[in-house]
Amino acid sequence: MNTLRLRFANGERDDLVLGAGVHAVGQDNDGHPCLVDDSHDARLQISIDRRGIWLQLREQSQVMHVNGRPVRRMAMLRAGDVLHLDGVDLTLVGARPGPAPATAANDPPSARAVLRAVGGPHHGRCFDLDHPCVVGSRPEADLCIAEPGIPDQHSRLEPHSDGVSFRTLGASGGIEVNGHRLDEGLLMAGDQVVFNASHRFVLEAPRAMAPPEPVVQEAAVEWTPAEAGPQRSPLMASLRRIPWLLLAALLMAGALALLLLYGVR
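The numbering scheme is per chain: residues are counted from 1 as the chain's sequence reads. Given that this is a predicted model, residues contribute local features only at a pLDDT of at least 70 and side-chain atom pairs are listed and counted only at 80 or more, while totals for whole chains, interfaces and linings are drawn from all residues. In computing side-chain properties, one takes all heavy atoms of the structure into account and sets aside hydrogens as well as water.

1. Considering the sheet that holds strand 11 (residues 88–93)
Put simply, the test is: Strands were regarded as paired on the criterion that DSSP finds at least two bridges between them. Strands are runs of DSSP state E lasting at least two residues, helices are runs of H or I lasting at least four, and both sets are numbered from the N terminus onward. The axes are straight lines fitted to the C-alpha atoms, using for helices just the contacting stretch, and the angles between their N-to-C directions are given from 0 to 180°.
Ordered in space as 2-1-11-10-7-8, the six strands form an open sheet in which the pairing is antiparallel. Since the sheet does not close on itself, it has two edges, and those belong to strand 2 (16–18) and strand 8 (69–71), each with one partner. Mean inter-strand twist for the sheet, computed between neighbouring axes without regard to direction, equals 25°. Relative to strand 10 (residues 82–85), strand 7 (residues 64–66) is paired through two bridges, and the arrangement is antiparallel. Note that in strand 10 the partner of His65 across the bridge is His84.

2. Brief notes about the environment of Cys34
Quick note on the threshold: Residue contacts are counted whenever heavy atoms from the two residues lie within 4.5 Å of one another.
Structurally, Cys34 can be placed in strand 4 (residues 33–36). Distance from Cys34 to Arg13, taken between C-alpha atoms, is 9.9 Å for residues 21 residues apart in sequence. Every residue in contact with Cys34, bar those within four places of it in the chain, is listed here: Leu16, Ala24, Val25, Gly26, Gln27 and Asp28.

3. A word on the environment of Arg5
Mapped onto the elements, Arg5 comes out in strand 1 (residues 4–8). Note: C-alpha distance between Arg5 and Leu18 (13 residues apart in sequence) is 5.6 Å. Residues within four places of Arg5 in sequence aside, it is in contact with Asp15, Leu16, Val17, Thr91, Leu92 and Val93.

4. A short note on the sheet that holds strand 21 (residues 192–195)
Read from one edge to the other, the open sheet built from six strands follows the order 13-12-22-21-18-19, with strand pairing classed as antiparallel. Each edge of the sheet is formed by a strand with only one pairing partner; in this case those strands are strand 13 (126–128) and strand 19 (180–182). Across the sheet, the mean angle from the axis of one strand to that of its neighbour is 30°, orientation sign disregarded. Judged from the three bridges that link them, strand 12 (residues 114–119) and strand 13 form a sheet pairing that is antiparallel. Its bridge partner lying in strand 13, Val114 is registered against Asp128.

5. Side note on unusual backbone geometry
We count it as follows: We call a residue buried when its accessible area falls under 20% of the maximum for its residue type, exposed when it is over 50%, and partly exposed in between, using a 1.4 Å probe and counting protein chains only.
Backbone geometry places Asn178, a non-glycine residue, at a positive phi of 55°. With respect to the helices and strands, Asn178 occurs in the loop between strand 18 (175–177) and strand 19. Note on Asn178: relative accessible area 4%, which makes it buried.

6. Notes on a nonpolar patch on the surface
Using the following cut-off: Nonpolar side chains (Val, Leu, Ile, Met, Phe, Trp, Tyr) within 5 Å and like charges within 9 Å form the patches, drawn only from residues with over 30% relative accessible area and no salt bridge. To measure how exposed things are, a 1.4 Å probe is used in the Shrake-Rupley method; for residues, cover is taken only from the protein chains shown. Salt bridge, as used here, is a side-chain nitrogen of Lys or Arg placed within 4 Å of a carboxyl oxygen of Asp or Glu.
A grouping of Leu246, Leu247, Leu250 and Leu251 is seen on the molecular surface, where their side chains present a nonpolar patch of about 390 Å² in accessible area. For Leu251, a relative accessible area of 60% translates into the label exposed.

Right, here's the structure in full:
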């Protein structure tokens, strides 16, 4: 799993680096969030493993907000989420998207992808990305965000075989992806995309099925009979088929017969 960071909104302090494991977050002498070694001094903890990112509050009376929604006990986080605690905003910064393809892709995407809204007026809706999608404030836009600061054509999303590329159109201020503000890049499944700070979307796509491994047929082995050796007599063949236990019993019976015979004389 890639290393995550808690980044202060204004960049006035260094990022809090979060690797795999459990991290306790407390306060320093100035009242700002910081990582602490003693869990008793923590106000919240963040657990990171292959299952995901989990936030748990240590104080039941404490209230914090994630993307503007109150959290009182636990919450599942994604890269790109904004945490608000005691008047301080922290952005959970994840992996930086890769570069966008230089040209339009001629090959179709390997899996169907959708952009699912997880915050904002479009919450709960899904937008298919099986064709190029234009984001803008115009009503005829594929994804309409009619808000100040969003131009008629804000950006363009285009499916590719390796993901979904995005490019801003004109001076739009960029797009936030996993906490990074960029003008272009390549989206992958699970990436969080934010337009105009409050319109949040997650790119969802099934994992591409690996092609079945070719079945290798074993070559037929041609059987060649061995050369005929010297023939054994039927008597020897029969003797070899007599079980050893039966042969031992016959020998013991013969010995007892001789003993009885000479014992009588």
